[in-house]
Structure formats: C-alpha cells, structure tokens
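Notes for the structure review
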Amino acid sequence: MKVWQKVYLAVLILVLFTVNLGLFFASGFLYRQNLSQEESQAETECYFLSRNLARDFERMQENRQFRQEVMEKLLSSYKKSYKKKGVRVDLIRKGSYQTGIFREDGDTVAAFASVLPAPFEDYTLIYEKKLKGFDSLWKNIQQAFFCVGIGISLILGIFLYLLLQKLLLPLSLLNSRVMLIAQGRGKYGGEMPGRVRADEIGELWENVDRMGKTIRSQMELLETENEKKQQLLDNMAHELRTPLTSIYGYAEYLTRAKAGEEERYQALSYIMKESKRLSGMGETMLSMRLFQREEPLAERVDMEQVFAHVKQILAGKMKEKQIILKEDYKVSEAWGREELFVNVFRNLLENALRASETQGEIFIGSGETDGYGLFTVEDKGVGMTQEELSHIMEPFYRADKSRSRKEGGAGLGLSVAKLIVEKFGGKISFSSEKGKGTKVFVFLQLPDKSVKRGT
Amino acid sequence: MADILIVEDEESINQLIKQNLMLSGHHCTQIFDGGEARRHLLKKPSYDVIIMDIMLPGVNGLELMRDTGDNPVIFLTAKDGISDKIAGLTSGAWDYLTKPFEMLELLARVNLILQKTKKEVDTLKIGKTKINLCARSVFISDREVELTPQEFELLEVLVRNRNIALSREQLLELAWGIDYMGDTRTVDVHINKLRKKLDFEDVIKTVYKMGYRLEV
C-alpha cells in the first residue's frame, strides 16, 4: 500500500468517525430535548385536564347529579374528544399506574397520571399520548443527519484525495528520479516541476538534487581519473614493449642467426642495456609508489649544497657539451629533504642539458615570491610547443622521444620531480617557446614559514 | 639483394631489423628520425621496401606516407589498436606489423612483398650448386639433380630463411603444411637426403638444441 493510500484511509476513517460521532450525539441531544418538551407539554395537559374534570365533578355535585352513569358519560365525551388528538384518557379509582415515556407498537407514548384535587382525591386521571408528531419529526431529523453525514463523507473523501495527490505528486516524481540515479543513468538531478516548495518534500527534492549533482561530479572525477590511469597504462605498456622487443629480438637473433663475434657482442650489449632500462623503470615506479604513500620528514635544506651536488653529478655531461652555466642565488634555503631535491634539480638540469645545443647557456637562479622560495632552471635550447608543455608532467611522456630515450630516460623524471615538490607543499610550472628555450619554476616552502610543521 | 630503408627512432630496434634483414642478404639504410627520413627520400626516392615506425620524432610515419611514393611500406609499430592498424593500412602501407615482432614473420612479410614486386632473385648460387626457385630446379655444375617435390619444398624453406636456424617443428609446418601429422624425424630424414644429394654437409648446419640452418 502506498503512503498516500495509508494516509488517505487513516484520515478518512478518523474524520468520518468523529463527524458521525458528533452527529450521533447532536441527534441524541435533540431527541432528548424534544422529548422532554413533549413530555412536559403532555404533563401540563394532563394536569389541566384533571383540574377540568374536578371542576366538572364539583358542578355535578352542586346539581346533585354526581352519579356513576353521568360520570361515565362525561368521561366518555372527554375520551372521544381526546382520542382525536391521539390521547387516551381514563379515570381510575385508587389504583397505581406506571407513568413515563415508553414505546408501544412502534409509537412513542407519554403516559401520565394526575390525582384529582380534593374532594375527589380517590380518582386518578390517566393520560396517555401517542407522540406521532414527535416520531415523524425524529424520523426526518434522522434522515437529514444521515444525508448530511454521507455528504460530508463524500466531500471530505474527494477533497482529501485531491490534497494528498497534490502534496505527494513531487514525491512520486522524486521516486522515479532516484530510481534513475540508482540505475546509474539519467541526469541525476534537474528542477522540480513548478517552484520548489518550502516543505519537507521540497527539502528532500533539493537534497536529492544535490546528491545527484555530487554523484555526477564524482563520476566525472572518477572517469577522468580512470582515463588518466588508462593513459598511464597505455604509456607504460608502450614503454615496456620497446625494450622487450629489443631483448626478445636480439635473443632470437642470437639463437637463430650465425652471428659473428662483433654481432654477438653488439646484440648482448643491447640486451643488457635494455634490461637495465626496464629494471630502472621498475625501480622508479616502485619508489614513486612508496613515496606517494609515506610522509617524508622535512628539514631545513641548504639549496646551494643541493645545486653543488647536482653540478657534481652532471659535470661530465656538461663538459661534454661545453655548457656555460650561470648561477645567481638570492635565496639559499628551502624546506624539504636534501637528497630528494637533488633528484628534482638533477632531473631539471638534465632536461636543460638535453635541450641545449653545444656551448649553450643554462641559468640557475633563486629568489623569493609570495612567501615561497622560487628556484629556476632556464635553457636556451629547443623549447617546446604549448601542446607538449601540457603533457610533460604525465608519466612516460617525452617531448622529444628519440633524444631522451637514447640517453636511457623512461619519461618518468618530471613526474617524480612533481611528486617530490608537491609533497613538501611546493609546485612546479614551466614556460617554454619552441626554438627559444624552456624555463622551469620550482616554488618551495621557506624554512621559517614551515617551522610549525616541524620534524 | 633488395634495397631496404629502415625508419625507426629506437636505435636498438633499428639495428635489430637491419641485422635480421642482412641475414637474407639485403642491403639496409638506417634512419632514426621522421624529418631526416623526409629529407633522405628526396635525395634517394626509390627503395624495394621501406620498414617504418609510426611514432617518430619530427614527422610521424603516417605523414611520411606522402613522401614514400610507390615504394612498398611496412609499418612496424607498438600501436596495436585496431583503429591504428586501419589508419596505417588505409594510408597506403602494404603491411602492418606490431612490436614485439618475430624475426621470421618480418622476413616472411618482406619476402612476400619482394615476390609480388618481382624484386626477389629466384636463383641462388651456393658453391657449385645453383638453385632456381621459380623453375624448381637444382643444378650442380650444370648437372641437374633430381629432387622429390617434398625435398624441394624443404630446400625452398631453408633457402628463403637462409642464415636463420629453424626448428624441426617450424620446418614441418613450413614445408609440409600445418596439417601434417608426421614425426619430426621425417625432417631429419629429408635433411640428410638433401645433404647427400646436393653435397650440402657444410651448408645445412645442425644447430644445437634448435634445428637446422642453411648458411650462405
């Protein structure tokens, strides 16, 4: 049974019961009122009749005609005249008689007895009136009340039905909408037909609407996350496939072909190189995974020491390309971990080296912006297009794939750098122009601003 | 024999393709960059086969199809989606091969193209033995050697995959057909017959744990 049906039935029964009970009591009151009126009227009539009779008897005594047959005659004339009015009159001598209202043959009868005044106190007048008028009136009243009851019930029933329908219509609409959400389709929300009501149903509607929107945005978020993951997987599959193709291919070559000493050596060194690349990739991804999970301890880091370390690592490559390195440090401290920052700036400097021509210039600088330490690495090399820039943070992406792969990169460097910098509350951004060069901005928290985070 | 251009940015794979093709005696030119390939094709526009990656630095393989002219192109790429394959084949390429690839498959596809374009030389001379694949005849110093059809079939497989070791199972499959239910010892018997008839004791080598290889 639906809610509206339950409410409808309950309210209808309750109201009808109350109304009919009211009608019942009202009719009972009316009945008693009328009856007592009739009763007193009959009683008065009876009293006056007894006085009249007594006066007649007195007069008969004065005329000395007070005899049994005359008395009978008089009484029968009274009887006759009252019978027309539906009243039975009788005279009894020294007897007891039941008075009051009682029913006789479907009629209401009011019976009264009045003792005649002295000296005729031996006689008692009996007065029995059939209340015909009262009965028919009562019948009419009963019919009227019945009709009124039916009418009220009908009107109430229809009105209640319409009211409930109107009140609960949004609820059934809401129900179908929630069903759509549950089935994972539909728009998850939308406006209520007409204006939003200020009652609980209106609130419920708004809440469902809000819920639908939240679900939709969550779904969208999940979808984009999923797409990103899918992209990562695709990239990874490709990245795995390339070294595996080489390894398998050279192994097959070695087993099948009649290879000379030179070719054998070359094939084996390719196998070794590609295996190393694979394992390096695996290690980087594993450390990324671990790093994402745990909270690294942070401390005051001497950035000049970091850059000195990075320069030392890359000294050979810089010498090979005859790079001119220019440095200008205005801020020399940051908040984080030294060895991790070495990793970040080594990556950035390596990228700059790769992009640079022989005898190119690279600038490393630092300063303070908006309460952050800003560290920049800038090259005057090949640069990147906007499209390439938008992808460089994605794992396994390379702007210039042949170049970086030849040097053994897997396209994970910037992803790792980003992860590290963001872990310590910083951020990385790039500006680049094709053919002009690239500038990397690394924002790091300064030690004094981060003391509260403490180690 | 055939003149083949390899456009592949991955140095190790480029080298691998070259080494495999060189076993069949082909001449290879290696290029590692899309832009470079475009410039190179302007200078030397004719090749028997071009083996090309799709994801190339500079100009990608699909764009390079405009520069390859009538040369038969085989795409060799890690992109294995059906839409990538369709895009590759509708761009005018003759064939589409995905990485990781099997050496035998690459060679078979290259040979197929060479056969279709009649670029493959049908005769091969090994020492004093002259094999004509088209006429299905073998001569040793102008004296014709009688071979059964099955023996010739086996010889043809060995010649087409010369310098590459083939397992007994592979030989059964290639020379007898995939439905043949025979024993791998059938292969040994036929190899021995070929060695005797053609005096190929040193040409058809037994490769340890692998099978046989016809060395040129």
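Please refer to the structure placed before this passage.
Described in the following lines is the structure provided in the data block.

The rules behind each value
Residues numbered from 1 in each chain as written. Chains lettered and ligands numbered in written order. Predicted model: local features only at pLDDT ≥ 70, side-chain atom pairs only at ≥ 80, totals over all residues. Heavy atoms only, no water. Helix = DSSP H or I, 4+ residues; strand = E, 2+ residues; numbered from the N terminus. Buried < 20%, exposed > 50% of the residue type's maximum accessible area, 1.4 Å probe, protein only. Contact = heavy atoms within 4.5 Å. Core = buried A, V, L, I, M, F, W, Y, C linked by side-chain atoms within 4.5 Å. Domains from an automatic or database assignment. Patch = residues over 30% accessible without salt bridge, like charges linked within 9 Å, V, L, I, M, F, W, Y side chains within 5 Å. Areas by Shrake-Rupley, 256 points an atom, 1.4 Å probe, with all protein chains shown as cover. Salt bridge = Lys/Arg side-chain N within 4 Å of Asp/Glu carboxyl O. Pairing = 2+ DSSP bridges. Axes fitted to C-alpha atoms, helices over the stretch in contact; angles between N-to-C directions. 1 Å grid on protein atoms, 1.4 Å probe; cavity = no way out; pocket = protein on both sides within 12 Å on 5 of 7 lines; lining within 4 Å. Points joined across faces, edges and corners; volume = space filled by probe spheres on them. Nonpolar A, V, L, I, M, F, W, Y, C, P; charged D, E, K, R; others polar. Phe/Tyr/Trp six-rings, centres within 6.5 Å; stacked < 30°, edge-to-face > 60°. Lys NZ or Arg CZ within 6 Å of the ring centre and 35° of its normal.

1. Section: the overall build of chain A
A tally of regular secondary structure across chain A gives ten helices and eleven strands. Every one of the 455 residues in chain A was classed for burial, and the buried ones make up 38%. Of the contacts made within chain A by residues no fewer than 6 positions apart, 69% connect residues no fewer than 24 positions apart.

2. As for the nonpolar core
Judged by nonpolar contacts, the single largest core of 106 residues is most densely connected at A:Met303, A:Phe341, A:Phe345, B:Ile51 and B:Leu155. If one sorts the elements of this core by residue count, helix 7 (residues 338-355) of chain A sits on top with nine residues. Structurally, this core is a two-domain feature, drawing no fewer than three residues from each of domain 1 (3-116) and domain 2 (123-214) of chain B. Once you skip the residues sitting within four places of it in the chain, B:Ile51 turns out to touch B:Ile4, B:Leu5, B:Ile6, B:Val7, B:Ile17, B:Leu21, B:Ile74, B:Leu76, B:Leu106 and B:Val110. Counting residues in hydrophobic clusters, the runner-up holds 25 residues, among them A:Ala54, A:Leu74, A:Tyr78 and A:Tyr127.

3. Description of a nonpolar patch on the surface
There is a patch of nonpolar side chains on the surface, built from A:Phe17, A:Leu21, A:Phe24 and A:Phe25 and spanning about 470 Å² of accessible area. Taking the relative accessible area as the measure of exposure, A:Phe24 reaches 57% and is therefore exposed.

4. Some details on the sheet that holds strand 3 (residues 49-52) of chain B
Residues and elements named next belong to chain B. Ordered in space as 2-1-3-4-5, the five strands form an open sheet in which the pairing is parallel. Unpaired on one side and paired on the other, strand 2 (27-31) and strand 5 (95-98) mark the two borders of the sheet. Across the sheet, the mean angle from the axis of one strand to that of its neighbour is 20 degrees, orientation sign disregarded. Relative to strand 2, strand 1 (residues 3-7) runs parallel, the two being bridged by five bridges. Bridge pairing in strand 2 links Asp 3 to His 27. Together, strand 1, strand 2 and strand 3 form the strand contacts of helix 2 (residues 34-43), whose direction differs from that of strand 2 by roughly 135 degrees.

5. Focus: the pairing of strand 10 (residues 427-433) of chain A
Residue and element names in this part refer to chain A. Along strand 10, the buried face is formed by Ile 428, Phe 430 and Ser 432; none of Lys 427, Ser 429, Ser 431 and Glu 433, which line the opposite face, is buried. Looking at chain direction, strand 10 and strand 11 (residues 437-445) are connected through seven bridges and run antiparallel. Along strand 11, the bridge assignment pairs Ile 428 with Val 442. Counting the residues that bridge the hairpin from strand 10 to strand 11 gives three residues, and of these Gly 435 lies at a positive phi of roughly 90 degrees.

6. Section: the layout of surface pockets
Residues and elements named next belong to chain A. One number sums up the size of the second largest pocket: a volume of about 740 Å³. Among the secondary structure elements, those contributing two or more residues to the lining of the second largest pocket are helix 4 (200-256), helix 5 (261-293) and helix 10 (413-423). For the lining of the second largest pocket, the leading source of residues is helix 4, giving seven residues. For the lining of the second largest pocket, a count of residues per class yields eight nonpolar, four polar and seven charged.

7. Notes on the environment of A:Tyr253
With respect to the secondary-structure elements, A:Tyr253 resides in helix 4. For A:Tyr253 and A:Arg264, which are eleven residues apart along the polypeptide, the C-alpha to C-alpha distance reads 9.0 Å. With sequence-adjacent residues up to four places away left out, A:Tyr253 is seen in contact with A:Ala259, A:Glu263, B:Leu16, B:Gln19, B:Asn20, B:Leu23 and B:Met103.

8. Details of the sheet that holds strand 12 (residues 211-214) of chain B
All names here are of chain B. Taken together, the three strands give an open sheet; going across it, the order is 10-12-11, and neighbouring strands pair in antiparallel fashion. Two strands in the sheet have a free side with no partner beyond their single neighbour: strand 10 (166-167) and strand 11 (204-207). Bridge count for strand 11 against strand 12 is four bridges, and the pairing is antiparallel. For Thr 206, the partnering residue across the bridge sits in strand 12 and is Tyr 212.

9. Some points on the packing of aromatic side chains
Summed over all chains, the structure comprises 16 aromatic pairs over all chains. Arranged with centres 5.2 Å apart and planes meeting at 20 degrees, the rings of A:Phe307 and A:Tyr329 form a pair that is stacked. You can see A:Phe307 sitting in helix 6 (residues 303-321) and its partner A:Tyr329 sitting in strand 6 (residues 324-329), a full 22 residues away along the chain. Under the relative-accessibility criterion, A:Phe307 is labelled buried at 1%. Residue class for A:Tyr329 comes out partly exposed when judged on its relative accessible area of 23%. Seen from the ring of A:Phe443, A:Lys427 lies directly overhead, with NZ or CZ sitting 5.0 Å from the centre. Sitting over the face of the ring of B:Tyr47, B:Lys44 holds its NZ or CZ atom 3.9 Å from the ring centroid.

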